[in-house]
Amino acid sequence: MTGYLNRIGAGKILINKEPLSFDWTPDSLVGRDKELGEIASMFSHIENHNSSCRAVITGPVGSGKTVLTSRFGEDLVKYLDGKRKIVLAHVNCRNHPSTSQVLQRIALILDSGHPERGLSSGEIIQSIRRNLLSHNSHLILVLDEVDILVRRDNFDLIYKLLRIDESQERQGSLSLILVSQDSMLLKLFEPAIISRLGASNILELKPYTQKGLTEIAKQRADIACRSGSINEKILEKIGMMAADSGDARLAIELLDASIRRAESAGRGEVLIGDLEQSITRVTSIEPSQVDGLSKDQKLIMLGLCRRLKKESEINTGDAEKLYRLVCEEYETKPKSYTTFWKHLKLLENQGLIETRGGKSNIGRGRTQHITMNNVAPANLASRIEIDLQR
């Protein structure tokens, strides 16, 4: 009766799920040696205990901005071991979109017992500095998707962090790396901030080439999968499919989806048909179709895409909660549940989502489960985010 469960955890192809995560940092980066060298040049004085460094990294979604800063940070900690004590703090401003949230996140990384309430921004900044001084540490702070913070809370925090050691006897508390999809990020700042960041400390990442995307898929497949379970033609087709966007995340998503389809069929090898089903999912809806949606419909879609990048489906109750969270992020008043439901039906009619009835996890009621089988959630989420930031 339960024989169908045998495939769960069978691992006929997949032996390590971690390399298929967007958050995984490989030991070496495909096609980014030159860019790592450029960041190293910006941090050429970091060994000096009184020095602080700056870098601004921009590039489209899936160009490897986050993994680049992670790889650089981890390598730098090892390189300076015994010379300078480095503490890394990576804060995603999409998850922490206000000054107080960013500062609280930094403080908790440095000290898990730091009080969560009752301190002003200035007091938290000084608390961060005291912690660094008392531990003889230097903080390398990465503010990812920093444009979200700046647009919501202006650039005041950036200015304060750049001046954290001003008029202090001891210098070199903090180095700052700003990361954004927005190539015009510096235009959001006043001249005083641009001067402190350094106009030459800017690195713009280009989208990956087809060859690079194929190599990324191969690198991850080699570590994640059993030997011989994915052949070169599959990996080359993944690179070809993702080449239009240059988005490494799309290549990883295609790899992950094709592995899941093969394993769900009980096979130990990915076939071209597994990938073709993934490609159909990606290409059957034009991403530009979301451009004509209303703002509320885009916010609903953004919440759905973010969840469906990680899970195969979501129920309508969770979908509404995500919609309200996204509304809060973009400072928009959410519509009523009735209007939310009407928008869902419109999105379904346009083929952007699919729904099916099912039992609710709570009580005996029924609920609707939402999937996206005609579009890649990661690709669509990036397009909506860029549009909403205009």
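Cut-offs used in this document
- Residues numbered from 1 in each chain as written.
- Predicted model: local features only at pLDDT ≥ 70, side-chain atom pairs only at ≥ 80, totals over all residues.
- Heavy atoms only, no water.
- Core = buried A, V, L, I, M, F, W, Y, C linked by side-chain atoms within 4.5 Å.
- Buried < 20%, exposed > 50% of the residue type's maximum accessible area, 1.4 Å probe, protein only.
- Helix = DSSP H or I, 4+ residues; strand = E, 2+ residues; numbered from the N terminus.
- Contact = heavy atoms within 4.5 Å.
- Polar contact = N/O pair within 3.5 Å; in protein donor to acceptor, adjacent residues only side chain to side chain.
- Axes fitted to C-alpha atoms, helices over the stretch in contact; angles between N-to-C directions.
- Parallel < 35°, antiparallel > 145°, perpendicular 65-115°, else oblique.
- Left-handed = near helix turned anticlockwise from the far one by under 90°.
- Nonpolar A, V, L, I, M, F, W, Y, C, P; charged D, E, K, R; others polar.
- Pairing = 2+ DSSP bridges.
- Phe/Tyr/Trp six-rings, centres within 6.5 Å; stacked < 30°, edge-to-face > 60°.
- Expected span 1.5 Å × (residues − 1).

Undergrad: Hey, could you go over the nonpolar core for me, with residue numbers and the actual values?
TA: L141, L143, I158 and L178 are the most contacted members of the largest nonpolar core, which totals 32 residues. At the level of secondary structure, the elements contributing two or more residues to this core comprise β2 (85–92), α3 (99–110), α4 (121–134), β3 (137–144), α5 (146–153), α6 (156–162), β4 (174–180) and α7 (191–197). Of the residues forming this core, the biggest block, 5 residues, is contributed by α3. If we ignore the near neighbours within four places in the chain, the residues touching L143 are V91, C93, V102, I158, L161, L176, I177, L178 and V179. Residues L20, A224, A248 and I252 belong to the second largest nonpolar core, which totals 28 residues.

Undergrad: So what about the side chain of E385? Which residues, and what values?
TA: Position of E385 among the secondary structure elements: in helix α15 (residues 377–388). In terms of polar contacts, E385 uses its side chain to reach the side chain of R306, at 3.3 Å. Excluding residues within four positions of it along the chain, E385 makes contact with R94, Q181, L302, R306 and Y330.

Undergrad: Residues and numbers for the side chain of Q181, please.
TA: Looking at where Q181 falls in the secondary structure, it is placed in the loop between β4 and α7. Once residues lying within four places of it in the same chain are set aside, the contact partners of Q181 are G59, V61, K65, E145, D147, E385 and I386.

Undergrad: Tell me about unusual backbone geometry, and name the residues and values.
TA: Within the chain, N136 stands out as a residue other than glycine whose phi angle is a positive 50 degrees. As for its placement among the helices and strands, N136 is situated in the loop between α4 and β3. Positioned with a positive phi, E331 is a non-glycine residue whose angle comes to about 50 degrees. Along the polypeptide, E331 turns up in the loop between α13 (316–329) and α14 (337–349). Given the relative accessible area of 59%, E331 is considered exposed.

Undergrad: Account for the packing of α3 against α4, with residues named and values stated.
TA: At a closest axis distance of 10 Å, the pairing of α3 and α4 adopts a crossing angle of 20 degrees. When the axis of α3 is compared with that of α4, the two are roughly parallel. In the packing of α3 onto α4, the handedness of the crossing is left-handed. Residues T99, L103, Q104, I106, A107 and L110 of α3 form the contact with α4, whose own contacting residues are S121, I124, I125, I128, N131 and L132. Of the residues contributing to the contact of α3 with α4, the split by class is 8 nonpolar, 4 polar and no charged.

Undergrad: Describe the environment of G11, and please don't skip the residues or the numbers.
TA: Tracing the backbone shows G11 in the segment before α1 (33–42). Each C-alpha atom, one on G11 and one on R226, is 8.6 Å from the other, the two residues being 215 residues apart in sequence.

Undergrad: An account of the sheet that holds β3 is requested, with residue identities and associated values reported.
TA: Spatial strand order, β2-β3-β4-β1-β5: 5 strands in an open sheet with parallel pairing. Sheet topology places β2 and β5 (202–204) at the edges, where each strand pairs with a single neighbour. Between one strand axis and the next, the sheet turns through 15 degrees on average, direction left out of account. When β3 meets β4, the two strands line up parallel, connected through 5 bridges. Looking at the pairing, L141 lines up with L176 of β4. This element, α1, spans β1 (54–58) and β5 of the sheet and lies at about 170 degrees to β5.

Undergrad: Please provide a residue-by-residue account of the packing of aromatic side chains, values included.
TA: Applying the stated criterion to the full structure yields 3 aromatic pairs. Taking 5.1 Å as the distance between ring centres and 65 degrees as the angle between the ring planes, the aromatic pair formed by F43 and F72 counts as edge-to-face. A residue pair is termed long-range when its members are at least 10 positions apart, and F43 in the loop between α1 and β1 and F72 in helix α2 (residues 65–79) qualify at 29 residues. Side by side, F43 and F72 carry an identical accessibility label, which is buried. With 5.6 Å between their ring centres and 25 degrees between their planes, Y323 and F340 make a pair best called stacked.

Undergrad: Give a detailed account of the environment of S245, specifying residues and quantitative values.
TA: Within the secondary structure, S245 is located in the loop between α9 (232–242) and α10 (248–264). The class of S245 is partly exposed, set by a relative accessible area of 29%. For the pair formed by S245 and T209, sequence separation is 36 residues and the distance between their alpha carbons is 9.2 Å. Among all residues touching S245, those that are not within four sequence positions of it are P207, L250 and N379.

Undergrad: Can you break down α15 residue by residue, with the values?
TA: In an α-helix, one full turn covers 3.6 residues, which means residues spaced three or four apart are oriented alike. If you check α15, its first and last C-alpha atoms are 16 Å apart, about what 12 residues at 1.5 Å a residue would give, namely 16 Å. Burial analysis of α15 places 9 of its 12 residues in the buried class, which makes it a mostly covered element. Turning to α15, its buried residues are P377, A378, N379, L380, A381, S382, I384, E385 and L388.

Undergrad: Could you give an account of the environment of I252, with specific residues and numbers?
TA: In this fold, I252 is placed in helix α10. Along the backbone, I252 and I238 are 14 residues apart, and their C-alpha atoms lie at a distance of 8.6 Å. Among residues more than four places away in sequence, those in contact with I252 are L20, F22, I216 and R220.

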